[in-house]
Amino acid sequence: MEFFLQQTVNGLTLGSVYALLALGYSMVYGILKLLNFAHGEVYMFGAFAGYGVLTVLGGSSAPLVPIWLMILLMFVAAVVVSSTIGVALERFAYRPLRNSTRIAPLISAVGASFFLQAAALLLFTANSRSYDAPNLIAIQTGIPIGPIRVWMVRVMVIVTSAVLMILLTLWVNRTRTGKAVRAVSFDREAAAMMGIDVDKVIVITFLIGSALAGVGGVMVGLVFGRVFHLMGFVAGLKAFTAAVVGGIGSIPGAMFGGLLIGFAEAYTTGYISSTFQNLIVFALLVVVLLVRPRGLFGREELVKV
Amino acid sequence: MKKRSQWPKMVMLFVAMALVAAACGGDDDAGAGDDTTTTAAAAPAATTTATTEAAPATTMAPEPTTTTEMEMIPCVATIGFIGPITGPVAFIGEVQLNWMQYAVDVLNEELSTEISIVEGDNQFDTAQSATLAAQFVDNADMVATVGPAGSDNVDAAGAVFEDLDPDFSFVSPSSTREGIAATYTGMFRTVPTDADQGPTTADFMIAEGAAKVFLVDDQSSYSTGLSDSTTAALEAGGVEVITESVSQDTTDFSALVSTIPDDADFVYLPWQVAANGQIFANQMAEQGKTMRIFGSDGMDSEDFTTVGSLVAAFAPDIAGIAGSADLLAGFLAEYDDTNTFGPPVFAAVQVIIEATYRVCLTGQTPDRASVQAEIANTDLADSILGSPISFTSDGDLAEGQFFIFEIQEDGTKTLVG
């Protein structure tokens, strides 16, 4: 039981981060039908922004401000940096190609991804940086759940992710802008004809998706420690898988898919072998797509014939 | 008129400062940067001493009178560098390239040679390595190259060198797979092989009374090769070995950490990314796992600081070797950071340049065949690695040796085996 609980916590932590990242893929796909392959790099820049604040404020060993304030500022910086990059991507890499062939923005996305990776390599070098979170929040602190104790940083990651996902759901379903996002997602041309500023809605979507990725980047830095210029690639791939498994374009699907991938990784490692972790995650993707080609929460697309 | 808020500007300024700090700061670099300034002035003199001590020890070392000849006939050649300057293990390639440039500068000054470098970024990709090998062979001025870094890439490049020009020498500073040097005529290496490190590691654990070892490889050829040799030696010693595997890109090991049996005596991590080892150690602490971690030479880095853990190294701490410490200080005066993959590059460059130098001293223009013959004759009594360098007929290091250190509370390492 202890082992199962521990793996559940492990999977929940990882899945929470994947879910935040998957939301960005899903939201952008929902309105633009575009796979934003640079999303992983947006997340990576968020992680570096958080690291930068940590460094400016004295580092984990000698913080100049209270820890809670430092962590808050790290999240703020990550949100600002990631959303700025996300909006810039939309403006310069995707918008000019919006009315071109479907493959063009896809290639632009891949190019943007490499560009951001190379920019990070030049800016931050290839060395790994460590948040050294155990110095910020001691490993001994935590909440006991049955026979195990969950480190406070993990608790923070899980709770923050849950709160952000709830807020996003409320925003999409209860606000005027959220309604506009749904309308654009449903039919961009019709939404424009109804007076919705489509460009503005797309920018807001990129902004929110990228901000969530930035938060995810800081969370990963805090809970897992290492940030480096290629960290966005694998995480992005997993989050993309999560979005597809959940049903790309579906916000609840992205959340569920993220958690599913997180649990799949943890249980595979725990009960089968770490060697087969990725094999099983991607096999899961194949199985889900075979059974439900539009993902678990994806809806059938109605096509006028 | 409405007064515009200053908050957005302040936030942007703060964020810009944060990114600059992320770029400039770094726990990896901080210590090195502090130390280098004071020792920089002493470095050139010290490096001169270190290299001149090494030169007479070579079998073909000339009498001082030949230096005059050197002054009259410039010893000019080009040497290559094949390494992962970008890509997934750019942290290795960057440091290797920096050491390459540093070594060429130091040795050119020392020996009055005019050796230039052609850089080749293989991105740790075998196809790129093969392409670079073909390009290098095609470069008539190039006499030899340093690299490639990993054994898979050595295989890819080695096949091309062997096919196009077996006289072309390549001295790898970090390929450790057993038996690979025997496959290629022109291959030499300045690091011991897995056949040296694996048994050394296993013997130490057995001597410490290990009955069960949890071993995790990082799916690189370096790691799996080392994992195999260590497992074989441990099992031969009656130790139960549980093997697992994770990608180098992984940063969450918590699920894997949960599977470490409570009665394991050691967790052995033959990894190239030391920062990952530290994360693994943190996650072990988080789950109350207290068994001792043993890292391979790839973990011998400032990034891995878990007190009480053990790391293997192919040299005693070079900061503690008289000539090498000065070389290290000279390097750190020019470059921010180093790691365990750097000093063997200096040794590889030294091997090639001194071989070229010896050819020049005979009055010949160095070419690939003559340089290869001289590399094979290398007999350095001492090196930056603190040990002699000469090669077996296969091109392996003749006296490869590994050392084992324990990490102390103050971050220093104590030699324990």
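Predicted model only: the values in this text are computed from it and were never measured.

Asker: Looking at this structure, I do not really get the sheet that holds strand S10 (residues 310–313) of chain B. What am I missing?
Answerer: Residues and elements named next belong to chain B. Strand order in this open sheet of 7 strands is S7-S6-S8-S9-S10-S13-S14, and the pairing throughout is mixed. Since the sheet does not close on itself, it has two edges, and those belong to strand S7 (240–245) and strand S14 (413–415), each with one partner. For this sheet, the mean angle separating the axes of adjacent strands, direction not counted, is 25°. Direction of pairing for S10 relative to strand S13 (residues 403–407): antiparallel, over a ladder of 4 bridges. By the bridge assignment, Ala313 is partnered in S13 with Phe403. Contacts between helix H12 (residues 274–286) and the sheet are confined to strand S6 (212–217), strand S8 (266–269) and strand S9 (292–295), with S8 contributing the most and set at about 155° to the helix.

Asker: It is not clear to me how the packing of helix H3 (residues 67–94) of chain A against helix H9 (residues 198–224) of chain A should be interpreted in this structure. Could you clarify?
Answerer: Geometry of a packed helix pair, given as the angle between the helix axes and the separation of the axes. Residues and elements named next belong to chain A. Running from N to C, H3 and H9 cross one another at 140°; their axes reach a closest spacing of 7 Å. The angle between H3 and H9 places the two elements in the oblique class. Considering the relative orientation of H3 and H9, their crossing is right-handed. Each of Ile71, Met74, Phe75, Ala78, Val79, Ser82, Ser83, Gly86, Val87, Glu90 and Tyr94 in H3 lies in contact with H9, whose residues at this interface are Ile202, Val203, Phe206, Leu207, Ser210, Ala211, Gly214, Val215, Val218, Met219 and Leu222. Among the residues making up the contact of H3 with H9, the classes are represented as 16 nonpolar, 5 polar and 1 charged.

Asker: I would appreciate a short explanation of the packing of H3(A) against helix H4 (residues 103–124) of chain A in the present structure.
Answerer: All names here are of chain A. The geometry of H3 relative to H4 is characterised by a closest axis approach of 10 Å and an angle of 135° between their N-to-C directions. Compared by their axis directions, H3 and H4 come out oblique. The two elements H3 and H4 cross, and the hand of that crossing is right-handed. Note on element contacts: H4 touches H3 through Pro105, Ser108, Ala109, Ala112 and Leu116, opposite Ile85, Leu89, Ala93 and Tyr94.

Asker: Even after reading the chapter, I still don't get the interface of chain B and chain A, so can you show me in this structure?
Answerer: The parts lose accessible area when they come together, and the size of an interface is often stated as this lost area. Across the boundary between the two partners, chain B contributes 45 residues, which contact 45 residues of chain A. Of the roughly 3600 Å² buried between chain B and chain A, counting both surfaces, carbon and sulfur atoms make up 61%. The interface formed by chain B and chain A holds 1 salt bridge in total. Two residues, A:Arg154 and B:Glu286, come together in a salt bridge whose shortest N-O distance is 2.3 Å. On the surface where chain B and chain A come into contact, there are 9 residue pairs in polar contact (both at pLDDT 80 or more). Those elements that provide at least two residues to the side of chain B that touches chain A are helix H1 (7–24), helix H2 (27–39), helix H5 (90–111), S7, helix H11 (254–258) and H12 of chain B. Examining the composition of the side of chain B that touches chain A, we find that 10 residues originate from one element, H1(B), more than from any other. For the side of chain B that touches chain A, the per-class residue count stands at 21 nonpolar, 15 polar and 9 charged.

Asker: What is the right way to look at the state of the cysteines in this model?
Answerer: Here a disulfide denotes a covalent bond joining the sulfur atom of one cysteine to the sulfur atom of another. All names here are of chain B. Summed over all chains, the structure comprises 1 disulfide over all chains. The residue that forms a disulfide with Cys75 is Cys360, at a sulfur-sulfur distance of 1.8 Å. Residues Cys75 and Cys360 share a disulfide whose torsion about the S-S bond is about 75°; that sign makes it right-handed. Note that Cys75 is positioned in strand S1 (residues 75–83) and Cys360 in helix H14 (residues 343–361), a separation of 285 residues in sequence. Exposure class is identical for Cys75 and Cys360. Each is buried.

What counts and what doesn't
Residues numbered from 1 in each chain as written. Chains lettered and ligands numbered in written order. Predicted model: local features only at pLDDT ≥ 70, side-chain atom pairs only at ≥ 80, totals over all residues. Heavy atoms only, no water. Pairing = 2+ DSSP bridges. Helix = DSSP H or I, 4+ residues; strand = E, 2+ residues; numbered from the N terminus. Axes fitted to C-alpha atoms, helices over the stretch in contact; angles between N-to-C directions. Contact = heavy atoms within 4.5 Å. Parallel < 35°, antiparallel > 145°, perpendicular 65-115°, else oblique. Left-handed = near helix turned anticlockwise from the far one by under 90°. Nonpolar A, V, L, I, M, F, W, Y, C, P; charged D, E, K, R; others polar. Buried area = accessible area lost by both parts, 1.4 Å probe. Salt bridge = Lys/Arg side-chain N within 4 Å of Asp/Glu carboxyl O. Polar contact = N/O pair within 3.5 Å; in protein donor to acceptor, adjacent residues only side chain to side chain. Disulfide = S-S within 2.5 Å. Buried < 20%, exposed > 50% of the residue type's maximum accessible area, 1.4 Å probe, protein only.

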